[in-house]
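Read off the chains here:
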Amino acid sequence: MPSSRRLLAAIAAGALTLSLAACAESGRDAGAVGSGATGGTMVFGAPGAPDNFDPIFAQDGETFRPARQMFDTLITYKQGTSDLAPGLATAWTPSENGTVWTFTLREGVKFHDGTDLNAEAVCFNFDRWFNLPNAAAQSQAIYYADTFEGFANNQGETAGEPVYNSCTAQNPSTAVLKLNKAKGAFPAAFGLTSLSISSPTALRQYNADQIEQSGDAFTYSEYATAHPTGTGPFKFESFDRTANTITLVRNDDYWGEKAKLDRLIFKVIPDENARKQELRAGTIDGYDLPSPADWDSLKSEGFNVLVRPPFNILYLGINGKNNPALKDLRIRQAIAYALDREALVRNQLPEGAVVATQFMPETVDGYAPDTQAYAYDPDRARQLLAEAGQSNLTLNFYYPTEVTRPYMPNPTNIFTALAENLRQVGITVNPVPQPWNGGYLDSVTVSGNHDLHLLGWTGDYNDAGNFVGTFFGRPKPEFGFDDPALSAQIAAADATVDPAAHAAAYEQVNRDIMAKYLPAVPVSSSAAALVVRNNISGVVPSPLTDERFYTVSKG
Amino acid sequence: MLRFVVRRLLQVVPTLLLLSVLVFAWLRSLPGGPASAFLGDRATPERVAELNRVLGLDQPVWVQYLRFLGRAFTGDLGNSQITGEPVLSEIGRALPATVELSVAALLIAVTLGIPLGYLSARHRGRPLDVATVIGTLVGVAVPVFFLGYLLKAVFAVELGLFPPSGRQSVGIDATNVTGFAVLDGLLTRELDASWDALTHLVLPAVALATIPLAVIVRITRASVLDVLGSDFVRTANAKGLAPSTVRGRHVLRNALLPVSTTIGLQTGLLLAGAVLTEKVFVWGGIGTLLAQGIEQRDYPRLQALLLLGALVYVLVNLLVDLSYAIIDPRVRLS
C-alpha cells in the first residue's frame, strides 16, 4: 500500500503544479494583451493568413485586410458605405469621353520609408502594374487584369487589349491617367485595395516585381513578404509564421486621423469555433465572420456583433446548354415563381439578409426599383410548366458542401429549401452535392454539366458592371446562356460615362434581364458580421468588408 | 548486420519511387485543383486554364512527374502553392510542433496510464478499479475534437486556467532555436516564453493523450491481473520475498512487456490523432499543414508530406526489425 499511496500523491502533486502554472499564466495573459502605452494593442482573429503583402497580388479578403491598414488608394470609400471619398487624391475629374482622368493629389503625404507621395510616385505604380514582367506576376494580379484588361506585354491568353495607356506627372500634385477606352468601373474601381499606392523606393529596393514560378507554385518578392511600404495609418512590423500573427504598428506620421491603437495584431485562427473560444477566453479582442448561428449567443454574452450591410448576391444558376428545356424562358420563369425566397430569407439566412429582386444589391447605382417581380406563386409556376409541356421535368441541382460564403452561410440548408420548393411544383430534383474545392467550382464554372446550381458574388466596388457585367457580360459555361444583344447592352452601359446616364443604362439592363432573359434567378443578399468585445469601439462594419482599424480604440 | 541494413535501405528507394508515382497520380485525380481553390468564386474557365498553364499543370501528368522527380533528386520538393514557401521549410517549422505535442501526450499517457492500470488491477473490483474501468471506456469512446472543445470551454473559457489555442501568447517574444517552444525557452533562459509554451501545451496534450491513456490503463490492468495470477508470483510470495520486491521485480516488470508494445503502436496513432487536435487547438503543426493542403489542393505540399511520412514509416519499420534482431537471438538478419 505505501507504494500506491506514493503514486497517488505524485499524480496529485503533478496536477496541482499544472493548474498553478496555468493560474499564473492566465494573469500574465490579461496584462500582455492591450498593455500599450497610449492606445494599447488590439488582437483581431482572422480566419486565414494573407497570401502576401503586396496589394497588386492580393485577391482575397484575408490578404486585403492587413493591406487596407497599411496602404491608401487614390480614391477610397466612405466608412460603412460603398460611396466614394477622397483618398490620396483630393479630387478626380474625367475628360468628357472618360478616357483621361486627372487626379489632384494630397500634399505633404509621405510613405512609411520617408519617400514623398507625388504624381511621379503614383505614375510609377501605374507603370509598374502595366509592365508586370512575366506570366506568374500577371496571373496573380487578378484585380488589375479585371479592371485594366491587359498588360504592356500580355503573357496570358486571357488578357486582352489594355485599357491603360499612360500616366503623366503634370506637376508634383497632379497625375493624369490616359486610358485607351472609357470604362464604367471608374472611378469606383480606383478604390480597389489591389490598386493601393506603394512607395517606389521600396518597390525598387525589394525587387517587388520578382514574383516567379517555382515548380508548381509561385514565390513572392521580398517586398511582398517582408517590406510592404504604403502611406496608411499602420506600418508593417512582422509576420510571425510560427505564431501565425501579423503585427502592425501605428504610423505616427500619417497624413490623416492618426490611429488610436499603438499596435494592431491579426491572429490567424482558421477554425470558427476556436475564434469564438479565444474571444470568450479574452485572448483576442474580436474576430471576423462569426457563424450566424452564434450571433444571438454572442450578443447575450455582451459582445458587439457588427453586421455588415449586404453587398452580395446569391443566385440559382440555370444552365440551358445542358438541358434544352431550360432554354425556354417560361421554364426559367416557372422556376423563379416556384421559389419561396421570402421564406428562405426568413428561415435560413442571418439577420440583415434580404430577397434579391435583381442581380445586384439595392445600394449599387443602377439598381432598378421596378424590375419584374417573381413573388412566390406555385400555381403560376405549374401553369407555366404545363404551357411549356414540361410538367415532368427532372433537373440535376448542384450545390456545394464544405464551404460557407458571405452570400451563402449554409449551402445545404439553402439547397434543401429551394429543392423542396421545386418539388412542390412537380419538378423532380436530382441533388448533386460536391465539395467546394473538391470539384464543385470546376463542375459548375468550367464543365457546365449541371442544370441548376448555387453560386454567388461579393461586390468589389459600387458599380453595376461589377455585378451584372461579371455574370452576363459575356457567355459563360456556368449559365450556358449566350445572347449577344444582352452582352452588347451591358457593354454599352459600361461605356456610358455620365454617371446619371450610366446608372439609367444599367437600370434598363436590370429590367431586361429580369423580364426578357432571366438567365438565372437572383435569390438573396446576405449580411456577414464581425464581433468585438464591448471595450472596443470605432469599428465600422463595411459592405465591402473594408474595415479600417485606425478609428478603433480600446477602452 | 551491415549488409542487412544496406539491403533494406536500398529497398527504400524503389518503395518511395513507387509511392511517389501513386501519390502524384492520386492527387491529380482528385476532383478540383489548386487553380480553382485559389480563385474561389472568381474562377472562370479561362482563369483556371491560365493558372494551370502558368503552373505547368496543363501538361501531361508524366511530364509533371518527371519534372518533380528531377527536382526531388536535388532535394527540392517544391514550394507550397498556398504560401509560396519551400515545402521543406514549412515542414521543418511545423514538425517540432507536432513532435512536441505528441511527446507531451505520450508522456501524460505513460506516466499516468501505467500507475493507474497497476493500481486498478491491485484493487480489482473496488471503487478505484470500477471508476478506472468506466473512465477508460469513456476515454476511448470520446472523439478527440469533442473532448478538445470541452476542455477549452471549461478550462480556458470558463475557468481561465489555460490559453484556449495556439502555441504562444500574443506579445511573447520567443527566440526560436530548435522549434520546440518549451525547450527553446529553457535553452535561451527565456523562462517566461517556456512557461507560456508549457501552458499552451497542457490542454491539447491532455486531449490527445486521452485515447492512448485509456488504452495503456486497460492493457496494464489486464496484464498485471494476468501476471498476478501466475505461478511464479505465487512462488515468489510463498518463498517469503518482500511484497515490494514481488511487485516491482516480478509483477510490474513482466506485466510491462505487452504494455511497451502497445505504447509503440499508440505512438503511430498519436500522429493521426494530432491532426484533429491541431485543428481544434490551432496548433500549427504537420496536421494543420496537411489539412490546409488537402482543402486547397496544394500538390507540392501534399506530395512532400506524404512522401516524408512514408519515409519515416519505412525507417521506423527498419529500426523495429533491427531491434527484434538485437532482442531476440532467434531472428537472423541474413
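Small disclaimer: the values here were computed from a predicted structure and weren't measured.

All right, on to the nonpolar core then. All names here are of chain A. In terms of nonpolar packing, the biggest core is built from 138 residues, with Ile335 and Leu454 touching the most fellow members. Ranked by the residues each element gives to this core, the list is headed by helix H3 (residues 119-130), at seven residues. Of the residues that make up this core, three or more belong to each of domain 1 (4-31 + 71-211) and domain 2 (312-526). In this structure, Phe53, Ala208, Val268 and Phe549 belong to the second largest nonpolar core, which totals 29 residues.

Taken as a whole and judged by the stated rule, the model has 37 aromatic pairs over all chains. Considering the side-chain rings of Phe53 of chain A and Phe236 of chain A, the 4.9 Å spacing of their centres and the 55° angle between planes classify their relative orientation as tilted. Here the residue Phe53 of chain A occupies a position in the loop between strand E1 (41-46) and helix H2 (61-70), and Phe236 of chain A occupies one in strand E10 (residues 234-240), the gap between them amounting to 183 residues. By relative accessible area, which is 3% here, Phe53 of chain A ends up buried. Its relative accessible area of 16% is what places Phe236 of chain A among the buried residues. Ring centres of Phe57 of chain A and Tyr220 of chain A lie 6.5 Å apart, and the angle between their planes is 40°; on these two criteria the pair is classed as tilted. Placement of the pair is Phe57 of chain A in the loop between E1 and H2 and Tyr220 of chain A in the loop between strand E9 (217-219) and helix H7 (222-226), with a sequence separation of 163 residues. A relative accessible area of 1% means that Phe57 of chain A is categorised as buried. An aromatic cluster of three or more residues is present, and its members are Trp101, Phe103, Phe126, Trp129, Phe130, Tyr144, Phe148, Phe151, Tyr164, Phe186 and Phe190 of chain A. Its guanidinium or amino end placed over the ring of Phe24 of chain B, Arg28 of chain B lies 3.6 Å from that ring's centre, counting from NZ or CZ. One cation-aromatic arrangement involves Lys152 of chain B over Phe281 of chain B; the distance from NZ or CZ to the ring centre is 5.5 Å.

Right, let's get into the pattern of salt bridges. Scanning the model with the defined rule gives 40 salt bridges over all chains in all. It is possible to trace a salt-bridge network through shared partners that takes in Glu62, Arg65, Asp288, Arg308 and Glu547 of chain A.

Moving on, we come to the sheet that holds strand E21 (residues 529-532) of chain A. Residue and element names in this part refer to chain A. The strand order E10-E11-E12-E1-E13-E21-E14 describes an open sheet built from seven strands, whose pairing is mixed. Each end of this open sheet is capped by a strand with a single partner; those strands are E10 and strand E14 (304-307). Looking at each pair of strands side by side, their axes are set apart by 20° on average, direction ignored. Taken together, the six bridges between E1 and strand E12 (residues 263-268) define a ladder with parallel strand orientation. Looking at the pairing, Met42 lines up with Leu264 of E12. Strands E1, E12, strand E13 (286-288) and E21 of the sheet are contacted by helix H8 (residues 272-281), whose axis makes an angle of about 165° with E13.

To continue, consider a nonpolar patch on the surface. Residue and element names in this part refer to chain B. On the surface, Phe145, Phe146, Leu150, Val154, Leu159 and Leu276 cluster together into a nonpolar patch covering about 530 Å² of accessible area. Counting residues per element, the nonpolar patch draws most heavily on helix H7 (residues 144-158), at four residues. In this structure, Phe145 sits in helix H7.

All names here are of chain A. Within this structure, the stated rule accounts for one disulfide over all chains. The disulfide partner of Cys123 is Cys167, and the gap between their sulfur atoms is 2.0 Å. Between Cys123 and Cys167 the sulfur-sulfur dihedral comes to about -65°; the bridge is accordingly left-handed. Of this pair, Cys123 sits in helix H3 while Cys167 sits in strand E6 (residues 164-171); the two residues are 44 residues apart in sequence, bridging distant segments of the chain. Each member of the pair, Cys123 together with Cys167, is buried.

Turning our eyes to something else, we now look at the sheet that holds strand E4 (residues 89-94) of chain A. The strands that make up a sheet pair up through hydrogen bonds in the backbone, lying either parallel or antiparallel. Residues and elements named next belong to chain A. Taken together, the four strands give an open sheet; going across it, the order is E4-E5-E7-E6, and neighbouring strands pair in antiparallel fashion. The open sheet terminates on both sides in strands that have one partner only, identified here as E4 and E6. Within the sheet, the average angular offset between the axes of one strand and its neighbour, ignoring direction, is 20°. As paired strands, E6 and strand E7 (residues 174-179) are joined by six bridges and run antiparallel to one another.

Turning our attention to the UniProt feature "transmembrane region" (unreviewed entry) in chain B. Residues and elements named next belong to chain B. UniProt records the feature "transmembrane region" (unreviewed entry) for residues 101-119, 131-151, 197-217 and 304-327 in the present numbering. With 100% helix and 0% strand, residues 101-119 has its two end C-alpha atoms placed 27 Å apart. Structurally, residues 197-217 is divided into 100% helix and 0% strand, and its ends, taken at the C-alpha atoms, are 28 Å apart.

At the interface, 68 residues of chain B touch 72 residues of chain A. Together chain B and chain A conceal approximately 5,900 Å² of surface at their shared face, both sides included; 57% is due to carbon and sulfur atoms. The largest per-residue losses of area from chain B upon contact with chain A belong to Asp41, Arg42 and Val170 of chain B, which jointly make up 14% of the total buried on that side. Here chain B is connected to chain A by six salt bridges. The partner of Asp216 of chain A in a salt bridge is Arg28 of chain B, and the shortest N-O contact between them spans 3.3 Å. The interface formed by chain B and chain A contains 16 residue pairs in polar contact (both at pLDDT 80 or more).

Reading the values: the criteria
Residues numbered from 1 in each chain as written. Chains lettered and ligands numbered in written order. Predicted model: local features only at pLDDT ≥ 70, side-chain atom pairs only at ≥ 80, totals over all residues. Heavy atoms only, no water. Core = buried A, V, L, I, M, F, W, Y, C linked by side-chain atoms within 4.5 Å. Buried < 20%, exposed > 50% of the residue type's maximum accessible area, 1.4 Å probe, protein only. Helix = DSSP H or I, 4+ residues; strand = E, 2+ residues; numbered from the N terminus. Domains from an automatic or database assignment. Phe/Tyr/Trp six-rings, centres within 6.5 Å; stacked < 30°, edge-to-face > 60°. Lys NZ or Arg CZ within 6 Å of the ring centre and 35° of its normal. Salt bridge = Lys/Arg side-chain N within 4 Å of Asp/Glu carboxyl O. Pairing = 2+ DSSP bridges. Axes fitted to C-alpha atoms, helices over the stretch in contact; angles between N-to-C directions. Contact = heavy atoms within 4.5 Å. Patch = residues over 30% accessible without salt bridge, like charges linked within 9 Å, V, L, I, M, F, W, Y side chains within 5 Å. Areas by Shrake-Rupley, 256 points an atom, 1.4 Å probe, with all protein chains shown as cover. Disulfide = S-S within 2.5 Å. UniProt positions renumbered as here; feature names shortened; annotations may be inferred. Buried area = accessible area lost by both parts, 1.4 Å probe. Polar contact = N/O pair within 3.5 Å; in protein donor to acceptor, adjacent residues only side chain to side chain.

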